[in-house]
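# Understanding the architecture of this molecule
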Amino acid sequence: MITQVRTPRQRQRFRSACRGKLCLGVTMPQALALFGKGQPGRFFAGPTLALDVGGSTAWLAGHANPDELASFLHFCGCKAVILDEAECPPPTGWARAKSHFVFGLAPGKQLPEPAVEETLWASLHFDPEPPAGPVAQMLFPDRPTRRDDFYSELCSKRARGRAVVWALEQGGELACTVGAYAIGTEQAYMACGETAEPLRGRGIGGRLIVRLANTLSAQGLQALFLCSPERVHFYTRLGFEKLGEYARYEATV
């Protein structure tokens, strides 16, 4: 039975279901640790299941009965769920919508920095700890609710040493940003790489991503991130290794 995470035993079940999973092995336990008390209706566990329903898309580690899972997600108002098809049967009646590929860099390994327009690169100022507000605005300019949630979560994670964000600035404005938004003892989940539209296609985003991944790897962490099919070529070209795949399923009614 899927139940809300309230007791130490349920917390242990949640963490056990996440253990060893690429990306989810660090993102979901960290979210539970940071937000479990303030957002108690967000985290659920079963005997072999961890479930984060913090938005319209749920994240799932482990596996559950497909019929029970479909009913529970519908009750929670979720419209989609991301899961590992090799381990978890999809919710009954839901349709596969998209693949999310896991790319990464092994601990201790270093990638060569990609080519970039050096004149442009020299004009940029590197900020290893940019203010959260401008980063949130750059990432979610037209989604105020998501922007506010991101800002709040980033501040909480930074205060606890669980996130690192880097940025490049030009003329006092953000030109590019990328971050590790969940940092554990073995994995670091990278996400939210974004470059200002006038500067895209000139190599600065790729170089910043590689530099952050190399830094995390040198610290003994496995740098990991998820990407959609249209971004596979980009990360392959940078030298990252494809390690796995998750699937997004969506409700059909």
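Located above this text is the structure these notes cover.
Residues numbered from 1 in each chain as written. Predicted model: local features only at pLDDT ≥ 70, side-chain atom pairs only at ≥ 80, totals over all residues. Heavy atoms only, no water.

## Some remarks on the pattern of salt bridges
Between side chains of opposite charge, a pair can form as their charged atoms come close. Evaluation of the coordinates by the stated rule reveals 11 salt bridges. Note that Arg207 and Glu113 form a salt bridge whose closest N and O atoms lie 3.7 Å from each other. With Arg207 in helix α7 (residues 204-218) and Glu113 in the loop between β6 (95-105) and α4 (118-122), this pair connects stretches of sequence that are 94 residues apart. Given a relative accessible area of 8%, Arg207 falls into the buried group. Take Glu113: its relative accessible area is 38%, and that puts it in the partly exposed class. One network of salt bridges, with partners in common, ties together Glu113, Glu118, Arg207 and Arg211. (Salt bridge = Lys/Arg side-chain N within 4 Å of Asp/Glu carboxyl O. Helix = DSSP H or I, 4+ residues; strand = E, 2+ residues; numbered from the N terminus. Buried < 20%, exposed > 50% of the residue type's maximum accessible area, 1.4 Å probe, protein only.)

## Notes on the packing of helix α5 (residues 132-139) against helix α6 (residues 144-159)
The geometry of a pair of packed helices is captured by two quantities: the angle between their axes and the separation between those axes. Packing of α5 against α6 leaves a shortest axis separation of 9 Å and a crossing angle of 140°. Compared by their axis directions, α5 and α6 come out oblique. For the pair α5 and α6, the sense of crossing is right-handed. On α6, the residues touching Ala132, Gly133, Val135, Ala136, Gln137 and Leu139 of α5 are Arg147, Phe150, Tyr151, Leu154, Cys155 and Arg158. Looking at the contact of α5 with α6, its residues break down into 8 nonpolar, 2 polar and 2 charged. (Axes fitted to C-alpha atoms, helices over the stretch in contact; angles between N-to-C directions. Parallel < 35°, antiparallel > 145°, perpendicular 65-115°, else oblique. Left-handed = near helix turned anticlockwise from the far one by under 90°. Contact = heavy atoms within 4.5 Å. Nonpolar A, V, L, I, M, F, W, Y, C, P; charged D, E, K, R; others polar.)

## Comments concerning the nonpolar core
Judged by nonpolar contacts, the single largest core of 38 residues is most densely connected at Phe14, Phe150 and Tyr181. Element by element, the count of residues in this core is highest for helix α2 (residues 24-35), at 7 residues. Residues in contact with Phe14, not counting those within four places in the same chain, are Val5, Met28, Pro29, Leu32, Phe43, Phe44, Ala45, Leu49, Ala50 and Leu51. Listed in part, the 33 residues of the second largest apolar core include Leu199, Leu212, Phe225 and Leu238. (Core = buried A, V, L, I, M, F, W, Y, C linked by side-chain atoms within 4.5 Å.)

## Things to note about the state of the cysteines
Counted by the stated rule, this structure contains 0 disulfides. The structure places no disulfide on Cys23, whose sulfur is separated from the nearest cysteine sulfur, that of Cys227, by 10 Å. (Disulfide = S-S within 2.5 Å.)

## Considering the sheet that holds strand β8 (residues 164-170)
Pairing in this open sheet of 12 strands is mixed, and the strands run β1-β2-β3-β4-β5-β12-β6-β11-β10-β9-β8-β7 from one edge to the other. Each of the sheet's edge strands pairs with one partner strand only, and the pair in question is β1 (3-4) and β7 (125-127). When strand β3 (residues 49-52) meets strand β4 (residues 57-62), the two strands line up antiparallel, connected through 4 bridges. Considered in β4, the bridge of Asp52 is made with Trp59. Strand contacts of α6: β8, β9 (173-183) and β10 (187-195), with the helix running at about 60° to β9, the strand carrying the most contacts. (Pairing = 2+ DSSP bridges.)

## Considerations on α7
For α7, with 15 residues, the first-to-last C-alpha span of 21 Å sits near the 21 Å given by 1.5 Å per residue. Burial of α7 is extensive: 12 of the 15 residues sit out of reach of the surface. Every buried residue belonging to α7 is among Ile204, Gly205, Gly206, Arg207, Leu208, Ile209, Val210, Leu212, Ala213, Asn214, Leu216 and Ser217, and all of these are buried. Two residues or fewer past α7, Gly220 is found with a positive phi of approximately 90°. (Expected span 1.5 Å × (residues − 1).)

## A short note on empty space enclosed by the protein
Per the counting criterion, the structure on display carries 1 cavity of 30 Å³ or more. In terms of lining residues, the largest cavity is bounded by Lys21, Leu24, Leu60, Ala61, Gly62, Asp84, Glu87 and Tyr246. Across the lining of the largest cavity, the residue classes tally to 4 nonpolar, 1 polar and 3 charged. (1 Å grid on protein atoms, 1.4 Å probe; cavity = no way out; pocket = protein on both sides within 12 Å on 5 of 7 lines; lining within 4 Å. Points joined across faces, edges and corners; volume = space filled by probe spheres on them.)

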